[in-house]
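Per-entry structural report
Residues per chain, in single letters:
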Amino acid sequence: MGMNILHSYLMGLDIGSLFLRSSIREPNGPRFRKDVKTLMRLTITSVVVIRATVERSGHVDECSALFKFKESFTVNKSASVHPFAFPKVASWKREGDQNRSNCCSWKGVECDEESGHVVGLDLSSSCLYGSLNSNSSLFQLVHLQRLDLSDNDFHFSEIPSRLGLDLTNLTYLNLSLSGFSGQLPTSLGYLLSLNFLDISNCEFYPHVPSSLGNLTQLRYLDMSSYHDVSNNFSTGQVIDSWSWVGKLTKLHTLLLTEANITGKFLCFLANLTQLEHLNLATNEISGQIPSWFMKLAKLTTLLLGQNNLQGEIPRSLFQLKNLESLGLAYNNLSGLVEFDQFIQLKKLKVLRLSYNKLSLHIKTNLSFTLPQLQVLRLGSCNLTELPEFLRSQYELSDLYLGKNNIRGRIPKWLWNATRETLLTLDLSQNFLTGFEQDPIILPWKNLITLNLMFNLIQGSLPIPPQSIRNYMVAENHYSGEIPPSFCNLNHLHVLDLSNNNFSGMLPQCLGNSSDLEMFMLNSNSFHGSIPQLCPTAESSLKMVDLSYNQLQGKVPRSIANCTLLEFFNLGNNQMSDIFPSWLGTLPALSILILRSNGFHGMIGKSATNHDFPKLCIIDLSNNDFSGMLPSNYLENWNSMKFVDKSEQAYFVASSMSDSSGGYAFSYSITTFEKGVELDYFQTPYLLRLIDFSSNKFEGEIPAGIIGNLRALISLNLSNNALTGHIPSSLGNLTALESLDLSQNQLSGRIPGNLAQLNFLAYFNVAHNYLLGSIPLGQQFDTFLEDSYQGNSGLCGKPLSKKCESSISLLPSIFEEDEDSGFQIELDWYVVLPGAISGLIVGVVAGDFWTSKNHEWFVEKISRSKKPRGTRARGGHRN
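Quick word on the pattern of salt bridges
Counting across every chain of the model gives twelve salt bridges. A salt bridge links D398 to R377; the nearest nitrogen and oxygen atoms lie 3.1 Å apart. Of this pair, D398 sits in strand β22 (residues 398–400) while R377 sits in strand β21 (residues 375–377); the two residues are 21 residues apart in sequence, bridging distant segments of the chain. Note that R595 is salt-bridged to E677, the shortest N-O span being 4.0 Å. Of this pair, R595 sits in the loop between β38 (591–593) and β39 (600–602) while E677 sits in strand β45 (residues 676–680), placing them 82 residues apart in sequence. Look at R595 and you get buried, because its relative accessible area is 5%.

Next up, the structure:
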């Protein structure tokens, strides 16, 4: 580049010399005019040469700044979530000559055609990881007009104030989903040319600087998922912090979904008369929908779902003649809605009214007067039949009428109208009994999602088209076998046939699809062996529930390939196998249920120190396992050692399998807990459970290990052959709510520190060999006699047997010392007579020893005063 500039410079000198000679020799003469033309031609040539050189290479200082920017970050694939993310900066190369660069050809870099300055930088979804600081070389690119750093991980950096001070030419700025946090800088208000701003999906403080109201050229603003990381602002303060939005009168798109907006409607939105798209969904906006919406006549999209809106739908909404999408679902709107009002919205394509307190009145003659809808969602709208106007809805792709009171059969006219267009059909939670004409093959050619769950449908299973991804017919009365043609559904993500009357053997090819995520066939009458799930390592399977069938054989080893598996339930079958220890290699497995089968043998030692790293719930009850409790495995279960502070309420597996955002499935389990069988339709995320009951385990409870599982909620070791003491380390399990050690051969005392377990609601040690006094206080005052029956040596409340004073005092001297691994077992029927005899001997001989050896006795006793645990241990050794 330097040689080209020098060449152009020398050419310029020649041009200037020519011009000078001509003007002196013949001013305004023919020769002068000829030389001027030559001069212009050479000048243009020179400019083109320089311009072409700059275009190809860019400014050296800017290219250097870009390269330094690249060097300040590492590339980490997990830093971006977009499925097609790739590190654009990986292709950036610096030429050997530091004075030369070709950054205008780098991926994501855009240069001005005339000046050669870097004016655009698009590093979205580039897998960048690191902090963006105020000394970043990015801020040397002062000619930048477009900057996109979205979908990277800037590691909770605050947005540097220099961005607003140095990059004042920006017209486009996208920092969404990029790991920024803290306080938004007021300097963003200096970007006066900005017309596009996206800072969604970041974690900022709730106070938004009012200086953003200076961005009067903004046409697009997205602050969705604007997470409040301080929780220090009142409702009034949060509303006031958004008042600056009312100054942005040129906005045509405003997206504030999930932005922590609380209280009444933001009245200053009435100023934004140019708005075309407004999304305020998933906030805590309350009160009625204001009538001033009619002022926003250009609105095409209005989304207010998932708020706390009340009252009726105002008539003013039906004056928005340009409206194409209206979302009011998941509010508290009430009243009667005359559906023919929507005739006024001629351009309407999307209508969502589900889950309010609305009652729809639909006239029978609406078929040819309503606009052609593409999405119609009327869940929980008190419908008693399929709306007849659907006969003429030939563009419908998404139909949701779940949780209504629709009865009878699905009419054939619904097929005819939507055969070509329908992608999603959800008629779940109604009282449907079947199809008007039972199809062997479903008529919708492009169907992606079929949800008929929780109905009364009988008959055989209809075969879906090849396009199907989500097939859900659980909680019906379907019967027969699964057709082998289901093996050919290569795009299937969700298969839920649970709680029906299916029978027969499972096709061995079933579940071979690498896209399958949820596989639920529980609560039927299937028999035979389990198919070879996850035949390759590329499986997407997250959830497998085959419980409550009659399946036999062994657990398929191919399941070791299910590296995304979170939930595996084989409970209540007829499996015959040893413990599938190889499941321990699955990195995401959280819930493992093998209860009520024919599993047998010793569990043995874990192969590594990392088996079952995410395990939260394990139920091996009602099998034939034997040997010692698996202490090696218990030691590895780190997810049971601490209480997870996550805000997640339930265990959920998500399937991103359709355009509407996919489906989330709660894990349903049945456990024997707190003395009864509990059905968890949704399993609490904080539940940590171990159930090894009703097996043949023997030996002692591993005291040092079991006491480390501090997040345990329920521990059931009942109905085994366990011996030894109840470990006092169980007192460390401060979250414990249910402890069942009944029907074993445990001996010794009940540790007194168990009375400190404030959440212990169920305690059962019946039918062991325990003795001594029952601890008193707190939760132990609530347990009944049946918690202790079958232990003849126990005394004290709630038992009718009272403790002798000597029995209640002496045991405190002889407590077990678990840390030393040295335990004492006392038979008080032997100790008591010895203690009494010793007392008599001491009284008779007391005078002699007192008179003869008083000083020695005092000295000896003083030296031997030790902690009680030490005395007990020493006494036992002697």
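With respect to the pairing of strand β16 (residues 308–311)
Note that strand β14 (residues 284–288) and β16 share three bridges and pair parallel. Directly across from Q288, in β16, lies its bridge partner Q310. Bridging between β16 and strand β18 (residues 332–338) involves two bridges; their strand directions are parallel. Bridge assignment links G311 to a residue of β18, and that residue is L333.

Here's the deal with the state of the cysteines
Within the structure shown, the criterion is met by five disulfides. Note on cysteine connectivity: C104 is disulfide-linked to C111, with sulfurs 2.1 Å apart. When the S-S torsion is -95°, as for the bridge of C104 with C111, the disulfide is left-handed. Disulfide pairing places C487 opposite C509 at an S-S distance of 1.8 Å. Because the sign of the S-S torsion sets the handedness, a value of about 75° for the bond joining C487 and C509 places this disulfide among the right-handed ones. Of this pair, C487 sits in the loop between β29 (477–480) and β30 (494–496) while C509 sits in the loop between β31 (501–505) and β32 (518–520), placing them 22 residues apart in sequence. Its relative accessible area of 31% is what places C509 among the partly exposed residues. If you count the bonded cysteines of the protein chain from the N-terminus, they pair up as 1-2, 3-4, 5-6, 7-8, 9-10.

Here we look at the side chain of S325
Relative to the assigned elements, S325 resides in strand β17 (residues 325–327). In this structure S325 touches T300, T301, L302, L303, L348, V350 and R352, once residues within four positions along its chain are discounted.

Quick word on the nonpolar core
By size, the foremost hydrophobic cluster in this structure holds 203 residues, and its most contacted members are L163, W242, F293, F342 and Y471. In terms of residue count, helix α3 (residues 60–71) provides more of this core than any other element does, five residues in total. The next biggest cluster of nonpolar side chains, apart from the first, holds 24 residues, and it includes V494, I617, I713 and A735.

Re the side chain of D577
The topology assignment puts D577 in the loop between β37 (574–575) and β38. At 3.1 Å, the side chain of D577 forms a polar contact with the backbone nitrogen of V555.

Comments concerning the sheet that holds strand β53 (residues 769–773)
Taking strand neighbours across the sheet as the criterion, the seven strands line up as β39-β41-β47-β49-β51-β53-β54 in an open arrangement whose pairing is parallel. Each having just a single partner strand, β39 and β54 (793–795) make up the two edges of the open sheet. For this sheet, the mean inter-axis angle between neighbouring strands, taken without regard to orientation, is 20°. Across three bridges, the pairing between strand β47 (residues 696–700) and strand β49 (residues 721–725) is parallel. Paired with E700 across the two strands is T723, which belongs to β49.

With respect to the pairing of strand β41 (residues 624–628)
Pairing analysis gives three bridges linking β39 to β41, with the strands arranged parallel. Across the sheet, the residue bridging to M602 is S626, located in β41. Bridge count for β41 against β47 is three bridges, and the pairing is parallel. Residue pairing in the sheet places M628 in a bridge with E698 of β47.

Some words on the packing of aromatic side chains
Enumeration according to the criterion identifies 37 aromatic pairs in this entry. For the pair F318 and F342, a centre-to-centre distance of 5.1 Å together with 75° between the ring planes defines the contact as edge-to-face. Of this pair, F318 sits in the loop between β16 and β17 while F342 sits in the loop between β18 and β19 (350–352), and the two are 24 residues apart along the sequence. Judged by its relative accessible area of 2%, F342 is buried. With 6.5 Å between their ring centres and 90° between their planes, F612 and W637 make a pair best called edge-to-face. Taken together, the residues span a long stretch of sequence, with F612 in the loop between β39 and β40 (617–619) and W637 in the loop between α7 (631–636) and β42 (652–655) at a distance of 25 residues. On the accessibility criterion, F612 (0% relative accessible area) is buried. In textbook terms, an aromatic cluster arises when at least three aromatic residues are bridged by ring pairs, as seen for F579, F599, F612, F625, Y633, W637, F692 and F697. A cation over an aromatic ring shows up here: R688 above the ring of Y685, its NZ or CZ 5.7 Å from the ring centre.

Rules of the game
- Residues numbered from 1 in each chain as written.
- Predicted model: local features only at pLDDT ≥ 70, side-chain atom pairs only at ≥ 80, totals over all residues.
- Heavy atoms only, no water.
- Salt bridge = Lys/Arg side-chain N within 4 Å of Asp/Glu carboxyl O.
- Helix = DSSP H or I, 4+ residues; strand = E, 2+ residues; numbered from the N terminus.
- Buried < 20%, exposed > 50% of the residue type's maximum accessible area, 1.4 Å probe, protein only.
- Pairing = 2+ DSSP bridges.
- Disulfide = S-S within 2.5 Å.
- Contact = heavy atoms within 4.5 Å.
- Core = buried A, V, L, I, M, F, W, Y, C linked by side-chain atoms within 4.5 Å.
- Polar contact = N/O pair within 3.5 Å; in protein donor to acceptor, adjacent residues only side chain to side chain.
- Axes fitted to C-alpha atoms, helices over the stretch in contact; angles between N-to-C directions.
- Phe/Tyr/Trp six-rings, centres within 6.5 Å; stacked < 30°, edge-to-face > 60°.
- Lys NZ or Arg CZ within 6 Å of the ring centre and 35° of its normal.

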